[in-house]
Amino acid sequence: LEQEVKEYIVRRHSLFYTDEGARDIYRDYVRTLVNRKNAYNGRVYKEDPTILAWNLINEPRCESWLVEDCEEKLQAWIESESAYVKEQDPNHLVTVGEEGFWSAASPNEYANPTSWAKDMGQD
């Protein structure tokens, strides 16, 4: 992709963590999921002991090489949405789903699997 297109995509992607409309849609999805009835055992998911945890999002990224305060936006989203999931379902663990990259400011940054990992808003 041309650099201009790449930057546009990165900036649009980061809006997910701050846009209230996106947050409302996400929370509606969470509400629907935790209140879904398990077709096999008849239990509502939030009361089902066969579920270990809820994963907030798969491999969340907010590209700090371009988006100002990206790490803070991602962290604020993680904190608010994990609290929301726990409000809806206090019985299960909540995971983030991160790969576990170290940020550029970390003394462990050298251990990242690739050079771009430090720019993904995780630590």
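Provided above is the structure to which this section pertains.
If you're wondering where the values come from, they're calculated on a predicted model, not measured in any experiment. (Residues numbered from 1 in each chain as written. Predicted model: local features only at pLDDT ≥ 70, side-chain atom pairs only at ≥ 80, totals over all residues. Heavy atoms only, no water.)

Attention now moves to unusual backbone geometry. Here glutamate 59, not a glycine, exhibits a phi torsion of approximately 50 degrees, which is positive. Within the fold, glutamate 59 resides in the loop between β1 (53–55) and α3 (70–88). Residue class for glutamate 59 comes out partly exposed when judged on its relative accessible area of 38%. In this model, aspartate 69 sits at a positive phi of 60 degrees, which is unusual for a non-glycine residue. Of the residues examined, aspartate 69 reaches a relative accessible area of 44% and is grouped as partly exposed. (Helix = DSSP H or I, 4+ residues; strand = E, 2+ residues; numbered from the N terminus. Buried < 20%, exposed > 50% of the residue type's maximum accessible area, 1.4 Å probe, protein only.)

Turning our eyes to something else, we now look at the packing of aromatic side chains. For the structure on display, the rule yields 6 aromatic pairs. Their ring planes at 80 degrees and their centres at 5.5 Å tell us that phenylalanine 16 and tyrosine 17 sit as a pair that is edge-to-face. Look at phenylalanine 16 and you get partly exposed, because its relative accessible area is 28%. A relative accessible area of 3% means that tyrosine 17 is categorised as buried. Measuring from centroid to centroid gives 5.6 Å for phenylalanine 16 and tryptophan 77, while their planes differ by 50 degrees, and the two rings are tilted. Remark: tryptophan 77 occurs in helix α3 and phenylalanine 16 occurs in the loop between α1 (3–14) and α2 (20–34); sequence separation between them is 61 residues. For tryptophan 77, a relative accessible area of 0% gives the class buried. (Phe/Tyr/Trp six-rings, centres within 6.5 Å; stacked < 30°, edge-to-face > 60°.)

Moving on, we come to the pattern of salt bridges. Considering all chains together, one arrives at 3 salt bridges under this definition. A salt bridge links glutamate 81 to arginine 23, with the shortest nitrogen-to-oxygen separation between them at 3.5 Å. In this pair, glutamate 81 is assigned in helix α3 and arginine 23 in helix α2, connecting sequence segments 58 residues apart. For arginine 31, the salt bridge goes to aspartate 28, with nearest N and O atoms at 3.3 Å. (Salt bridge = Lys/Arg side-chain N within 4 Å of Asp/Glu carboxyl O.)

Counting residues in each nonpolar core, the largest one holds 19 residues, and the members touching the most others are Tyr17, Val30, Trp54, Leu56 and Trp77. Elements with a minimum of two residues in this core: α2 and α3. Tallying contributions element by element places α3 first for this core, with 6 residues. Among residues more than four places away in sequence, those in contact with tryptophan 77 are Phe16, Tyr17, Arg23, Tyr26, Leu56, Ile57 and Ser82. (Core = buried A, V, L, I, M, F, W, Y, C linked by side-chain atoms within 4.5 Å. Contact = heavy atoms within 4.5 Å.)

Another aspect to go through is α2. An α-helical turn contains 3.6 residues, so a residue and the one three or four places further along point in the same direction. A rise of 1.5 Å per residue sets the reference length of α2, with its 15 residues, at 21 Å; its end C-alpha atoms lie 21 Å apart and thus fit the reference within 8%. Where α2 is concerned, the buried positions are Ala22, Arg23, Tyr26, Val30 and Val34. Burial along α2 is one-sided: seen end-on, the buried residues are contained in an arc of 100 degrees. Away from its buried face, by an angle of more than 90 degrees, α2 presents the exposed residues Ile25 and Thr32. Buried residues belonging to α2 abut β1 and α3. With a side-chain oxygen positioned 3.0 Å from the backbone nitrogen of glycine 21, the residue opening α2 is aspartate 19. (Expected span 1.5 Å × (residues − 1). Arc of directions from axis to C-beta. Polar contact = N/O pair within 3.5 Å; in protein donor to acceptor, adjacent residues only side chain to side chain.)

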